[in-house]
Amino acid sequence: MTRLLSARSPDFQAQYQALLQTRGEAVDGVETRVAAILADVKARGFAALAELSQKFDAFALSPETVRVTTAQVEAAIKACDPAVVKALELAAERVTDYHVRSRPEDARWIDPQGVTLGWRWTPVDAAGLYAPGGLAAYPSSVLMNALPAKAAGVPRLVMMTPPTRLAENPAILAAAKIAGIDEIYGIGGAQAVAAMAYGADPIAKVDVIAGPGNAWVSTAKKLVFGTVGIDSVAGPSEVFIIADGANDPGIIAADLLAQAEHDAVAQSILFTDDADFGQRVLDGVTAMIARGEAGPEAAVSWPAYGAVIIVDRLEDAVALSDQGAPEHLQIATEDPDVLASQIRHAGAIFLGRHAPEALGDYLAGPNHVLPTGGRARWASGLSTHMFMKRTTLMGTGLEGLTAIGPAGVRLATAEGLPAHAASIALRLKAANPA
């Protein structure tokens, strides 16, 4: 049953901790089987892909059929509602603009000792994107994963998607076209991750893999990390909402259910200082579910993991939110910056009564791939940084060598590394033979 909790209760912290920790990880229970798939593709390449495609997708994969053709992409665009295509184009413009602005800058300077220092950012050579197929596929995720890579300057972007279900959601290929992805393969599941991580002729391997997927895909990404970079191992999604009683309870109820309908272990929590408002929100959620105004998963996740928490002051919700470090945090107050400035841990913050998390899912601009399960304590959302790497720079002439070299010799000697010490000391001696 959905919880109506009071922060004043003597056992509130125990209840709150239990609430935060009840959900399971999405990648539990399949590691052994996924590891076998990865090892098979790594060892046998395309032959393994073909067998796995026949086994899991009932699709006859061959070097000739593996790549999605331009004709298929164009047919998908024609099959889409033109209004959806226009919406995707608007989203792509906004997401691209945001991520171009977030691209990190190079730097170079000379310090007081005369040493040249700095860094430069360069994109990876190739990035891979996994796009789930079928009715649960999200074209918005194609944009959110591909466009940061494009903004980073990645020259080669590969997309994998299940081959037999493309017709069920043609917007997936339409989004790929809009995002500028022209290398698309009809491969699904853990074997798609293996193909991207290890390569399987005619598919060349990539350097970074991003994109959502089921437990098999998430586990595969986890296991290939180190061979390639990955965006994250995503767990169940969540939203926290801090709202005062001046909000429309029906709107806040819809906000809670917008997250709850993502999957059966999604979590939605409302913090409010108005108990009557909190109860009206609860009633609104119940009514929306009864009327079928939320996806079917909401009827499972909301009773199991949802909550309304009554606090004495909205400021008290700040520490509670930071404790959970949510993926999404909505602050639905007249002046949201007052509370937002105090928040330390959240994947994304949505400011004000008219800024729902759902808008951020599609086209506000920031990325919707965010750290879940409390990982916002130390992780950030997907950005251009994921598809770039920083190379540090250091250079010096005699002035800098003379200024800091002797200290380097002393440190190398203290660590018992004589060749390190000699590498510096011999240069100092050559520069100052007397």
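Predicted model, so just to flag it, every value in this text is computed and none were measured.

A. Looking closely at the packing of aromatic side chains. Counted by the stated rule, this structure contains 5 aromatic pairs. An angle of 70 degrees between the planes, with centres 5.6 Å apart, marks the rings of F240 and F271 as edge-to-face. On the criterion of sequence distance, the pair formed by F240 in strand β9 (residues 238–243) and F271 in strand β10 (residues 267–272) is long-range, its members being 31 residues apart. Three or more aromatic residues joined by ring pairs make a cluster, and in this case those are F12, Y16, F240 and F271.

B. Broad picture of the nonpolar core. Counting 41 residues, the largest nonpolar core has V142, L143, M159, I181, I184 and F387 as the members making the most contacts within it. Elements that contribute at least two residues to this core include exactly α4 (70–79), α5 (82–101), β4 (126–130), α6 (139–152), β5 (156–161), α7 (171–179) and β7 (208–210). Leaving out residues up to four positions away in the same chain, F387 has contacts with T122, P123, V124, A127, N145, P148, A149, A152, V154, V208, A210 and L382. Residues V66, Y130, V158 and V228 belong to the second largest nonpolar core, which totals 33 residues.

C. Structural view of unusual backbone geometry. The peptide bond linking D201 to P202 adopts the cis configuration, its omega dihedral lying at 20 degrees. Within the secondary structure, P202 sits in the loop between α8 (189–198) and β7. Located in the positive-phi region is A58, a residue other than glycine, with phi close to 50 degrees. Tracing the backbone shows A58 in the loop between α3 (46–57) and α4.

D. Layout of the sheet that holds β5. Strand order in the open sheet made by the 5 strands is β6-β5-β4-β7-β8, with parallel pairing throughout. Single-partner strands in this sheet number two, and they are β6 (183–186) and β8 (229–230). Of the pairings in the sheet, the one linking β5 to β6 comprises 4 bridges and is parallel in character. Counterpart to T161 in the pairing with β6 is G186. α8 rests against β4, β5 and β7 of the sheet, and its axis sits at about 175 degrees to β4.

E. Spotlight on the sheet that holds strand β1 (residues 3–6). If you trace the 6 strands from one edge of the open sheet to the other, you get β1-β11-β10-β9-β12-β13, paired in parallel fashion. Whereas interior strands pair on both sides, the edge strands pair on one side only; in this sheet they are β1 and β13 (348–351). Across the sheet, the axes of successive neighbouring strands diverge by a mean angle of 15 degrees, strand direction being ignored. Lying over the sheet, helix α13 (residues 316–324) contacts β9, β10 and β12 (328–332), oriented at roughly 175 degrees with respect to β9.

F. Local environment of the environment of L257. As for its placement among the helices and strands, L257 is situated in helix α10 (residues 249–260). For the pair L257 and S301, spaced 44 residues apart in sequence, the C-alpha to C-alpha distance is 9.3 Å. Ignoring sequence-local partners within four residues, the contact set of L257 consists of V285, M288, I289, A294, A298 and W302.

So, how was this worked out
Within each chain, residue numbers correspond to sequence positions counted from 1 in written order. Two thresholds apply to this predicted model, a pLDDT of at least 70 for residue-level local features and 80 or more for giving and counting side-chain atom pairs, whereas whole-chain, interface and lining totals are computed over all residues. For side-chain calculations, the full set of non-hydrogen atoms in the structure is used, while hydrogens and water are omitted. For this analysis, a ring pair means two rings from Phe, Tyr or Trp (six-membered ring only for Trp) whose centres lie within 6.5 Å, classed as stacked if their planes differ by under 30 degrees, edge-to-face if by over 60, and tilted for the remaining angles. Each helix is a run of DSSP H or I of at least 4 residues and each strand a run of E of at least 2, with the numbering of both proceeding from the N terminus. Joining through side-chain atoms within 4.5 Å is the link that ties buried Ala, Val, Leu, Ile, Met, Phe, Trp, Tyr and Cys residues into a set, and such a set is a nonpolar core. Exposure classes here rest on a 1.4 Å probe applied to the protein chains alone. A residue is buried below 20% of its type maximum, exposed above 50%, and partly exposed in between. The contact definition used throughout considers only heavy atoms, calling two residues in contact when any of these lie within 4.5 Å. Think of it this way: DSSP has to see at least two bridges between two strands before they count as a pair. Each axis is a line fitted through C-alpha atoms, taken for helices only over the stretch in contact, and angles between the N-to-C directions span 0 to 180 degrees.

That's the geometry; what it means functionally is another story.
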